[in-house]
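# Report on the structure
Spelled out, the chains give:
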Amino acid sequence: MTDLRTALGEAVTAAFAAEGVAGSNIRVTASDRPDLADFQSNGALAAAKSVGANPRDLAASVAARLTDDPRLASVEVAGPGFINLKVSDAALAARAGEAAADADHGGASTVATPRKVLIDYAGPNVAKPMHVGHLRSSIIGESLKRLFRFRGDAVWGDAHFGDWGFQMGLLIVACADEGKADAFMAEGDGPFPADSPVTLDDLERLYPQAAGKAKEDPAFRDRARKATAELQAGRAGYRALWAHFVAVSRTALEREFGALGVTFDLWNGESDADPRMAEMIAHLESTGLLVEDDGARVVHVAGPGETRKKKLADGSVIEAPSPPPLLVISSEGSAMYGTTDLATILDRKHAIGPDLILYVVDERQAEHFEQVFRAARLAGYAADGMLEHLGFGTMNGPDGKPFKTRAGGVLKLHDLISMAVDKARERLHEARLGDDLPTEEFEAIAHKVAVAALKFADLSNARTTSYVFDLDRFMSFEGKTGPYLLYQAVRIKSLLRKAADQGAVLGAIVVAEPAERDLALTLDAFDQAVSDAYDKRMPHLIAEHAYRLAQSFSKFYAACPVLVAPDEATKASRLTLSKAALDQLEIALDLLGIETPDRM
C-alpha cells in the first residue's frame with residue numbers, strides 16, 4: 001500500500017527522467033503552503049544546474065508531463081522552479097478508503113525484508129527500586145519494540161536485568177553480617193532454604209547501606225569483592241541466596257512495569273551470559289585481544305594511532321587512546337560490566353542470531369557502548385551496523401537538572417505513577433468526566449489517563465533531547481498532551497455509538513469539503529510518519545502524527561456535520577472517515593504504548 005507522497009514522488013522522478021534528468025535530489029514533500037498545494041517538488045532547482053538548463057523552463061516541462069496524471073487536480077510552477085501538486089478529490093478519497101479498509105495498519109506499509117531485532121531497554125537492577133531514571137528507557141524501548149514489530153520485524157524485548165555485578169557481593173556480605181543468611185554461608189552443595197531470607201524492603205534497605213559502607217571500609221569492600229568473585233565462580237550457597245534476591249526483585253519490577261504497560265519477551269539478566277564467559281575469555285585470549293594491563297585484563301579497542309585529548313586532574317592535557325580499553329577482568333578476578341555486556345552479545349548471537357540489537361540506554365553511557373561494540377566487532381561477535389546505542393536525554397526538574405523529589409532524593413517510579421494517577425483523578429473530576437461511571441471503571445480510566453500523560457509527554461520529545469517534568473501541563477485535556485488525544489479518541493467512539501444506535505452505516509468515502517481533504521491527507525501521512533520513526537528510531541514522529549490527526553479530525557468534526565449530514569451518502573462517507581481516523585489514532589497511540597478507554 002503506497003502513500004500519495006511516495007506515489008507522486010515516483011511519478012515526478014519519471015517525468016524528470018523523461019526530460020533527461022535523474023538524481024537523488026528529485027523529491028516530493030508536503031507543501032510549505034497547503035493553501036496553494038498539497039505537495040511540492042523543488043528538484044528542478046538543483047537538476048537544472050546539473051544540466052545547464054533554466055530551472056523554471058525545466059519545471060514547466062516536467063509539469064507538462066504530469067498534467068494528465070488522474071491523481072492530480074492541478075500541477076503549477078511557482079517562483080524560480082517549484083512544482084506545486086494538488087491531489088484530486090477522487091485520489092484522496094481512494095487513498096482514505098485504503099486506510100479505512102486497513103484496520104490493522106491504518107494504511108501504513110511494512111518492511112520489504114523483515115529482520116530479527118532485539119531491543120535492550122529498561123535495565124532494572126536487583127535490590128534497587130525503579131526510579132524516574134528508568135522511565136525514559138522503559139517508555140522509549142517499549143514504543144520501539146511495538147514500532148519494529150508493527151513494521152513486520154521479529155522482535156524480542158529484553159529487560160537485561162542487572163543481577164551479576166558487585167552489588168550482589170555487597171548484598172551477600174550485608175545479609176551475612178545481619179545474620180539473615182547463615183544457612184547460605186556454608187560451604188558445599190546444600191541443600192539450602194527454599195524460602196527467601198529477605199524481603200524487598202530488606203533489599204532496598206541493605207543495598208544502600210552496604211554501598212555506603214564499602215566506600216568507607218576497605219575491609220568490607222574487599223569481602224564484597226571476594227563474595228562477588230565466589231558467586232560468579234559458582235559457590236552453591238551464594239548462588240542460592242542470589243536466586244532469592246532476583247526472585248524478590250523481579251516480582252516488584254513486574255508490578256511497576258505492568259502499571260506502565262511495559263512488557264518483555266525476555267527477562268534475561270547479566271547472569272544469563274555467565275555460561276558464555278569461559279568460552280569468550282578463551283577466545284579473546286587465543287586471538288590476542290585480551291592483554292594484561294596493571295594487574296587487570298583488557299581489550300584495546302582504539303584503532304592504531306587513534307587518540308583524543310584528555311584533561312588530567314592537574315589541568316594538563318594529554319593525548320590518550322580513543323576510546324579507552326575495555327576492562328574485561330578486574331585485578332580481583334571479577335567480570336566487569338563491560339564483560340557481561342560483551343558476553344551477552346555472544347549469547348544473543350547463539351540464542352537468537354539477531355540482525356540488529358538496539359540498546360535504549362542513557363546518552364551518558366555512550367562511551368561504554370562504543371567500547372563494547374568495538375570489542376564485539378574485533379572479536380567477530382557482531383557485524384558492522386548490527387549494534388546501535390540509542391541514547392536519550394534526561395527528564396529534568398524546573399531547575400533544568402535531572403528530576404528529584406522536593407527533598408532532593410531520587411523519586412521512585414511507583415511514587416511517580418501514584419502522583420500521576422492522583423492528578424488524573426483530579427483533572428477528570430474538574431472536567432466532569434466519568435462522574436456517572438462506576439468507581440472501578442473510573443479508576444481504570446484515571447490510570448489510563450495518567451499513563452497517557454506520562455508517556456506522551458516523554459515520547460512527544462525527540463529521543464535525544466531532555467525535557468522538563470510538569471505534571472500539571474502533561475495532564476491537561478487541552479493542547480499537545482496524552483489526555484487530549486484520549487479525549488479525542490473517546491469523542492469519536494461516542495459519535496460512532498450514536499450512529500449505530502440510529503442505524504446509520506459506513507459507506508464509500510467522498511471527499512469534497514476542505515476539512516475532508518485535510519483529514520484524508522493526514523490519514524495518508526501516517527505511512528511516512530511510521531517509516532521515518534522506524535528508520536530514525538524516533539517515536540516522537542508517531543506522537544507528532546497522532547496530535548496532527550486529532551487536530552485534523554477536530555476541524556473536520558466542526559466543519560462537516562456527521563450525524564446530521566445533508567444526505568445519507570454524505571453521512572455514510574463521513575462516518576467512514578471518522579472510523580478511519582479513530583482506527584489510525586488508536587494504532588498510533590498503541591505504538592506509543594498508550595491504551596484508550598471506551599468512554600470518559
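Here, every reference points to the structure presented above.
Let us look at the structure shown here. (Residues numbered from 1 in each chain as written. Predicted model: local features only at pLDDT ≥ 70, side-chain atom pairs only at ≥ 80, totals over all residues. Heavy atoms only, no water.)

### So, the pairing of strand 7 (residues 290-293)
Of the strand pairs in this sheet, strand 7 and strand 8 (residues 296-299) are connected by 4 bridges, and their pairing is antiparallel. Each residue of the ladder has a partner; that of L290, found in strand 8, is V299. Hairpin connection from strand 7 to strand 8: 2 residues lie between these consecutive antiparallel strands, with D294 at a positive phi of about 55°. (Pairing = 2+ DSSP bridges. Helix = DSSP H or I, 4+ residues; strand = E, 2+ residues; numbered from the N terminus.)

### Observations regarding unusual backbone geometry
Cis geometry marks the peptide bond from G190 to P191, where omega comes out at 15°. Relative to the helices and strands, P191 resides in the loop between helix 6 (166-177) and helix 7 (200-216). Despite not being glycine, A127 has its phi angle at roughly 75°, a positive value. As for its placement among the helices and strands, A127 is situated in the loop between strand 5 (116-121) and helix 5 (135-150). Of note, R537 is a non-glycine position whose phi angle comes to about 55°, a positive value. If you trace the backbone, R537 turns up in the loop between helix 18 (526-536) and helix 19 (540-559). Residue R537 is classed as buried on the basis of its relative accessible area of 9%. (Buried < 20%, exposed > 50% of the residue type's maximum accessible area, 1.4 Å probe, protein only.)

### Let's talk about the sheet that holds strand 8
What the 3 strands build is an open sheet, ordered 7-8-11; its pairing is antiparallel. For this open sheet the edge positions go to strand 7 and strand 11 (326-329), each flanked by a neighbour on one side alone. Direction aside, the axes of adjacent strands within the sheet are offset by 45° on average. (Axes fitted to C-alpha atoms, helices over the stretch in contact; angles between N-to-C directions.)

### Some thoughts on the packing of aromatic side chains
Two numbers describe a pair of aromatic rings. These are the distance of the centres and the angle of the planes. Tallying each qualifying case throughout the model produces 18 aromatic pairs. Note on F148 and Y534: the rings are 4.4 Å apart at their centroids and 40° apart in plane angle, and the pair reads as tilted. One end of the pair, F148, is in helix 5; the other, Y534, is in helix 18, and 386 residues separate them in sequence. With respect to class, F148 is no different from Y534; both count as buried. Of the aromatic side chains, those joined through ring pairs into one cluster are Y121, F161, F257, F264 and W267. The ring of Y534 has R151 lying over it, and the distance from NZ or CZ to the ring centre is 4.8 Å. R235 extends its terminal NZ or CZ atom over the ring of Y238, reaching a point 4.1 Å from the ring centre. (Phe/Tyr/Trp six-rings, centres within 6.5 Å; stacked < 30°, edge-to-face > 60°. Lys NZ or Arg CZ within 6 Å of the ring centre and 35° of its normal.)

### Some details on the pattern of salt bridges
One pass over the full model with this rule turns up 49 salt bridges. Between E204 and K412 there is a salt bridge whose closest N-O contact spans 3.2 Å. Here E204 is found in helix 7, whereas its partner K412 is found in the loop between strand 14 (395-396) and helix 13 (413-430), with 208 residues between them in sequence. Across the pair D472 and R427 runs a salt bridge, and its minimum N-O distance is 3.6 Å. A residue pair is termed long-range when its members are at least 10 positions apart, and D472 in helix 15 (residues 471-474) and R427 in helix 13 qualify at 45 residues. For D472, a relative accessible area of 41% puts it in the partly exposed group. Here the salt bridges share partners, and the residues they tie into one network are K423, E426, R427, E430 and D472. (Salt bridge = Lys/Arg side-chain N within 4 Å of Asp/Glu carboxyl O.)

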